[in-house]
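Fold and contact review
Letter by letter, the chains look like this.
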Amino acid sequence: MSRPASAGLRPWPFVVTFGIVSLLADVVYEGARSITGPLLASLGASATVVGVVTGAGEAAALGLRLIFGPLADRTGRFWTLTITGYALTAVTVPLLGTAGVLWAACVLVVAERTGKAVRSPAKDTLLSHATAATGRGRGFGVHEALDQTGAVIGPLVVAGILAVTGNDYTPALAVLAAPGIAAVLLLLWLRARVPDPLDAYENDGEPATGPPVRVTRLPRAFWTYAAFTGVTTTGLATFGVLSYHLVTRRLLAPAAVPVLYAGAMLTAGLAALATGWLYDRTGARTLAVLPLLTAAVPALAFAHTLPAAVAGSLLWGAALGMQESVLRATVADLVPAGRRATAYGIFAGVLGVASLAGGTLTGALYGVSVHALITVVAALQAAALILLATTGSSLRVGPGDV
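Just so we're clear, the structure is a prediction, and the values are computed from it rather than from any experiment.

Next up on the list: the overall build of the protein. Helices and strands together make up the secondary structure of the protein, namely 18 helices and 0 strands. Its C-alpha radius of gyration of 21 Å places the protein within 12% of the 21 Å reference for a compact globule of 402 residues. With the C-alpha coordinates of the protein rotated into their principal frame, the extents come out at 65 × 45 × 30 Å. Scored against the burial criterion, the 402 residues of the protein give a buried share of 52%. Carbon and sulfur atoms provide 69% of the accessible area of the protein, an area that totals close to 16300 Å². Computed over 25 positive and 18 negative side-chain charges, the inter-centroid distance for the protein is 3 Å.

Here it is in structure tokens:
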């Protein structure tokens, strides 16, 4: 779909360029996250300290979006927050390799995750304007596919450097400065080309006229959708639990786990593309695929044969790809532009709470009975499907919803 030349870039180049920014950033922080545990351990951290620090980092990455989402909407500084968040990641990761003491490394781990909280609601809002022209599902799907490509490359690059240097963390993290700098520079270029994506794409190149319409409440449909998201995500295991099963059951060697994780990230990217295309053609009905995938994960991933466990891990990646693409696209379709960053912040909070509940639930039930785990997850996904069916007609933004 064409847009006026004043937009600086047509919608698809904007989406793809933003996807390359995310790819480069994922090389940086996914590369670092793949060795955070061993790095902290080398500085004297116990398993408890590693768990607390990484847990605090994830809490910051998700919980602080409840602050930075509304802040983006109130100030309108979407580009500033996006660039600041990416810059924080680009700076903290290389410094992590030179920390030398445990407390400094812990601060840097949490600071890197805070950078994700700073940028994510603003970034998703900027991207949502361009996907209004490309198709929400396809736009977010392509962006997520590029993002997951970086998630595959980063850990493999770090693993290769560790192998060459004899497990020296400093050069393994220092090399990640290059993609971090490239991501920030590309983002600055993108802002110069398209300073206002809302007017350039979602408003068809026409600046808004008259006083802005102030939206004080989020649509009712958003809250029913958030409930569906929370229920289905609660049943999704974490990769930590999946890999624990693979290693303790001697189905896979520890050294092979990162390779399987990279495969799951690749699957996530492909699933994002496929379901994004399907979402643009069929709408909210595509969301029904997610509970079905989630229900299948434990039945396969916690099996006692390697092929089934690997298949379950790849399905886990596909579910994750849907979370990061189609679920985000639906938020943009439900919420007006003036409250979209706030909605993305709340949406991230729901995902964070549900992910914590899901990880705790699956981990606890795994220790009791795998059959019970499979049954409980299936029941949760059945409830999610019922919730989606009963609220599906409301998953559209109309005048009465705002």
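Given a rise of 1.5 Å per residue, 17 residues ought to cover 24 Å, and the 25 Å separating the end C-alpha atoms of helix H9 (residues 177–193) matches this to within 8%. Buried residues in H9 make contact with helix H1 (11–33) and helix H5 (78–96).

What follows deals with the packing of aromatic side chains. For the structure shown, the criterion picks out 8 aromatic pairs. Here the aromatic rings of Phe-14 and Trp-79 are separated by 6.3 Å at their centres, their planes lie at 75 degrees, and the arrangement is edge-to-face. With Phe-14 in helix H1 and Trp-79 in helix H5, this residue pair connects regions lying 65 residues apart in the sequence. For Phe-14, a relative accessible area of 0% puts it in the buried group. Given a relative accessible area of 7%, Trp-79 falls into the buried group. Both rings, one in Phe-18 and one in Trp-79, keep their centres 5.9 Å apart while their planes meet at 5 degrees; by these two values the pair is stacked. Here Trp-79 lies in helix H5 and Phe-18 lies in helix H1, a separation of 61 residues in the sequence.

Attention shifts here to the pattern of salt bridges. Pairing between side chains becomes possible if they bear opposite charge and their charged atoms approach one another. Scanning the model with the defined rule gives 9 salt bridges in all. Across the salt bridge formed by Asp-333 and Arg-136, the nearest N and O atoms sit 2.8 Å from each other. Of this pair, Asp-333 sits in helix H16 (residues 326–334) while Arg-136 sits in helix H7 (residues 136–165); the two residues are 197 residues apart in sequence, bridging distant segments of the chain. Residue classification places Arg-136 among the buried positions, given a relative accessible area of 9%. Among the charged side chains, a network of salt bridges with common partners joins Lys-123, Asp-124, Glu-144 and Arg-328.

What follows is about helix H12 (residues 239–248). Given 3.6 residues to a turn, an α-helix orients residues that are three or four positions apart in the same direction. Buried within H12 we find Phe-239, Val-241, Leu-242, Ser-243, His-245 and Leu-246. Just past H12, the residue Arg-250 takes up positive phi, approximately 55 degrees.

Moving on to the side chain of Asp-26. Among the secondary structure elements, Asp-26 is positioned in helix H1. No salt bridge is formed by the buried Asp-26. Its closest oppositely charged neighbour is Lys-116, at 5.5 Å. Residues within four places of Asp-26 in sequence aside, it is in contact with Gly-31, Asp-147, Gly-150 and Ala-151.

To continue, consider the packing of helix H11 (residues 220–234) against H16. H16 packs onto H11 with a crossing angle of 165 degrees between their chain directions and a minimal axis gap of 10 Å. Relative to H16, the element H11 is oriented roughly antiparallel. Regarding H11 and H16, the two cross each other, and that crossing is left-handed. Packed against H11, whose contacting residues are Ala-221, Phe-222, Tyr-225, Phe-228 and Thr-229, the element H16 presents Val-326, Leu-327, Thr-330, Val-331 and Leu-334 at the interface. Among the residues forming the contact of H11 with H16, the class breakdown is 8 nonpolar, 2 polar and no charged.

Let's shift gears to the confidence of the model for the protein. Residues of the protein with pLDDT of at least 70 account for 90%, and the chain-wide mean is 85. Residue range residues 1–6 is modelled with pLDDT below 50. Its contacts to residues more than four positions away, or to other chains, number 11 contacts. This stretch, residues 397–402, has a pLDDT under 50; its non-local contacts, to residues over four places away or in other chains, come to 12 contacts.

On the surface, Trp-12, Val-16 and Ile-20 cluster together into a nonpolar patch covering about 220 Å² of accessible area. Summarising the element assignment, Ile-20 is placed in helix H1.

One can describe the packing of helix H14 (residues 289–301) onto helix H15 (residues 306–324) by two numbers: an axis separation of 8 Å at closest approach and a directional angle of 155 degrees. One way to sum up the angle between H14 and H15 is to call them roughly antiparallel. With respect to the hand of their crossing, H14 and H15 are arranged in left-handed fashion. Across the interface between the two elements, Val-289, Leu-290, Leu-293, Thr-294, Ala-296, Val-297, Leu-300 and Ala-301 of H14 pack against Ala-308, Ala-309, Ala-311, Gly-312, Ser-313, Leu-315, Trp-316, Ala-318, Ala-319 and Met-322 of H15. Residue composition of the contact of H14 with H15, by class: 15 nonpolar, 3 polar and no charged.

Once that is clear, we can look at the environment of Leu-188. Structurally, Leu-188 can be placed in helix H9. The partly exposed category is assigned to Leu-188, whose relative accessible area is 33%. Through-space distance from the C-alpha of Leu-188 to that of Trp-79 is 8.8 Å; in sequence the pair is 109 residues apart.

A positive phi is found at Asn-167, a non-glycine position, where the angle reads about 65 degrees. Structurally, the position occupied by Asn-167 is in the loop between H7 and helix H8 (169–174). A positive phi angle, near 55 degrees, is found at Arg-250, a position not held by glycine. Position of Arg-250 relative to the elements: it lies in the loop between H12 and helix H13 (257–282).

The rules behind the values
The residue numbering used here restarts from 1 in each chain and proceeds along that chain's sequence as written. Local features are withheld for residues below a pLDDT of 70 in this predicted model, meaning they are given only at 70 or higher, and side-chain atom pairs are given and counted only at 80 or more; totals for whole chains, interfaces and linings count all residues. No hydrogens and no water enter the side-chain calculation; it runs on all heavy atoms of the structure. Per the convention used, a helix needs a DSSP run of H or I reaching at least four residues, while a strand needs a run of E reaching at least two, with both numbered from the N terminus. Note that the radius of gyration is over C-alpha atoms, with the globule rule given as 2.2 Å times the number of residues to the power 0.38. Any residue under 20% of the maximum accessible area for its type is buried, any over 50% is exposed, and the rest in between are partly exposed; the area is computed with a 1.4 Å probe on protein chains only. Exposure was quantified through the Shrake-Rupley algorithm and a 1.4 Å probe, taking into account, for residues, occlusion by the shown protein chains and nothing else. Neither His nor the chain ends contribute to the count of charged residues, in which Lys and Arg are positive and Asp and Glu negative. In this description, the location of a charge corresponds to atom NZ of lysine, CZ of arginine, CG of aspartate or CD of glutamate. One less than the residue count of a helix, multiplied by 1.5 Å, gives the span that helix is expected to have. Whether two residues are in contact is decided by their heavy atoms: any pair within 4.5 Å suffices. Only Phe, Tyr and Trp rings take part, Trp by its six-membered ring, and two of them pair if their centres are within 6.5 Å. Stacked means planes under 30 degrees apart, edge-to-face means over 60, and tilted covers everything else. A side-chain nitrogen of Lys or Arg and a carboxyl oxygen of Asp or Glu constitute a salt bridge if their distance falls within 4 Å. The angle between two axes is taken between their N-to-C directions and runs from 0 to 180 degrees, where each axis is a line fitted to C-alpha atoms and a helix contributes only its stretch in contact. The scheme is simple: roughly parallel for angles under 35 degrees, roughly antiparallel for over 145, roughly perpendicular for 65 to 115, oblique for anything else. Note: crossing handedness is left-handed where the near helix turns anticlockwise from the far helix by less than a right angle, and right-handed where it turns clockwise. Under the convention adopted here, Pro, Cys and the residues Ala, Val, Leu, Ile, Met, Phe, Trp and Tyr are nonpolar, Asp, Glu, Lys and Arg are charged, and Gly plus all remaining residues are polar. Predictor confidence is given residue by residue as pLDDT, running from a minimum of 0 to a maximum of 100. Two distance rules govern patches: like charges are joined within 9 Å, and nonpolar side chains (Val, Leu, Ile, Met, Phe, Trp, Tyr) within 5 Å, applied only to residues with over 30% relative accessible area and no salt bridge.

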